[in-house]
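# An overview of the molecular structure
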Amino acid sequence: MQTISVNGTQLAIFEQGAGPIVLFIHGFPFDHTMYDQAAEALSDSFRCLLPDLRGFGKSEYSATSVDLETGTPLISMADFAADLASLLAGLQITEKIALCGLSMGGYIALEFAKRFPDQLSHLILADTKATPDAPEARQKRLDLAASMGKTDLSGVADAMVPILLSQRSRRERPEIGNFVRAMIMGQSPRAIAAASRGMAVRSDMTEVLRQTRVPVLCLCGEEDKPSPPDVVKAMSEIPECSRFEVLPDCGHMVPLEEPGAFAELLRNFLHETTSHS
Ligand code: MLT
């Protein structure tokens, strides 16, 4: 693990392997460990960078903005993306990178694509969407944020785990549910609140995706409830150059439910869409 001072906070970043860079952005409310097995599988050919986002995992918490309505701390998707660009600068990485974001990580990846398009070689959008929240979903996020510090994170984990995993994962692989539960319970309530408010105010990124000129892979689990296949397929039809893949028997946590298949999809996509001239 390295700790890098970025935009007024200390961010932790882990890495595996050597080769072209793939930067993995974790989802909410998780940390980089959700990608450990997939990164291990890819580390024979790629340099996999696995940061913990501001406030999550081993990275320090500090909010970057304030919600204008409530005066409460907020971390926007753009602020997370700016942290990642600064992290790359801190690591003296100037080459183009493949960026892979799952769910909230995908919202951040699209902000990165908007702000730093020249740093991208490929975009991988896993179990995510380009559209903003409907009012009801937005309110749920604000309610979750308001409840942080008042309720135990076990309640959040109990509510989320069944929604995140496929029927097969829940039935046959209890260790995955246990891992996700422990990962959620290990996060900071303040970071959960600030990122939740950040997701609630995120913009529609459809136009960013339309303007994207790098190859895009959109994928999801067959049983993903937060980002169902029809939503992810529609997103994959927006950019000029994209692919769409569905992983059978997976829910929202594809890199944990099928790390090998997830890694192979990325490997094939990156090999087939990289020009070697
Ligand atoms: C995630 O996995 O990052 C969350 O499902 C994102 C969200 O709540 O929209």
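Up top you'll find the structure we're talking about.
Here's what I pulled together on the structure shown here. (Residues numbered from 1 in each chain as written. Predicted model: local features only at pLDDT ≥ 70, side-chain atom pairs only at ≥ 80, totals over all residues. Heavy atoms only, no water.)

We now examine the overall build of the chain. Regarding its fold elements, the chain presents 12 helices and 10 strands. Its C-alpha radius of gyration of 17 Å places the chain within 12% of the 19 Å reference for a compact globule of 277 residues. By principal-axis analysis of the C-alpha atoms, the chain measures approximately 55 × 45 × 35 Å. Taking all 277 residues of the chain together, the buried fraction comes to 53%. Of the charged side chains in the chain, 25 are positive and 36 negative; the average position of the first set lies 3 Å away from that of the second. (Helix = DSSP H or I, 4+ residues; strand = E, 2+ residues; numbered from the N terminus. Rg over C-alpha atoms; globule rule 2.2 N^0.38 Å. Buried < 20%, exposed > 50% of the residue type's maximum accessible area, 1.4 Å probe, protein only. Lys, Arg positive; Asp, Glu negative; His and termini not counted. Charge placed at Lys NZ, Arg CZ, Asp CG, Glu CD.)

Taken across its five residues, strand E4 (residues 47-51) has four buried, putting it largely inside the fold. Strand direction decides the pairing type here: strand E2 (residues 9-16) and E4, joined by four bridges, are antiparallel. Across the sheet, Glu15 pairs through a bridge with Leu49, a residue of E4. Where strand E3 (residues 21-25) and E4 come together, three bridges link them in parallel fashion. Of the residues in E4, the one forming a bridge with Leu23 is Leu49. A crossover connection joins E3 to the parallel E4 through helix H1 (residues 36-42); in handedness this β-α-β unit is right-handed. (Pairing = 2+ DSSP bridges. Right-handed = clockwise from strand over helix to strand, strands pointing away.)

We now examine the sheet that holds strand E1 (residues 2-6). Pairing is mixed in the open sheet, where eight strands are placed in the order E1-E2-E4-E3-E7-E8-E9-E10. The open sheet is flanked by E1 and strand E10 (242-247), the only strands paired with a single partner. Within this sheet the neighbouring strands show an average axis-to-axis angle of 25 degrees, counted without direction. When strand E8 (residues 120-126) meets strand E9 (residues 216-221), the two strands line up parallel, connected through four bridges. Along E9, the bridge assignment pairs Leu123 with Val216. Here helix H2 (residues 77-90) sits on the sheet in contact with E1, E2, E3, E4 and strand E7 (97-102), set at roughly 115 degrees to E1. (Axes fitted to C-alpha atoms, helices over the stretch in contact; angles between N-to-C directions. Contact = heavy atoms within 4.5 Å.)

The values reported here are purely geometric and, on their own, carry no functional implication.
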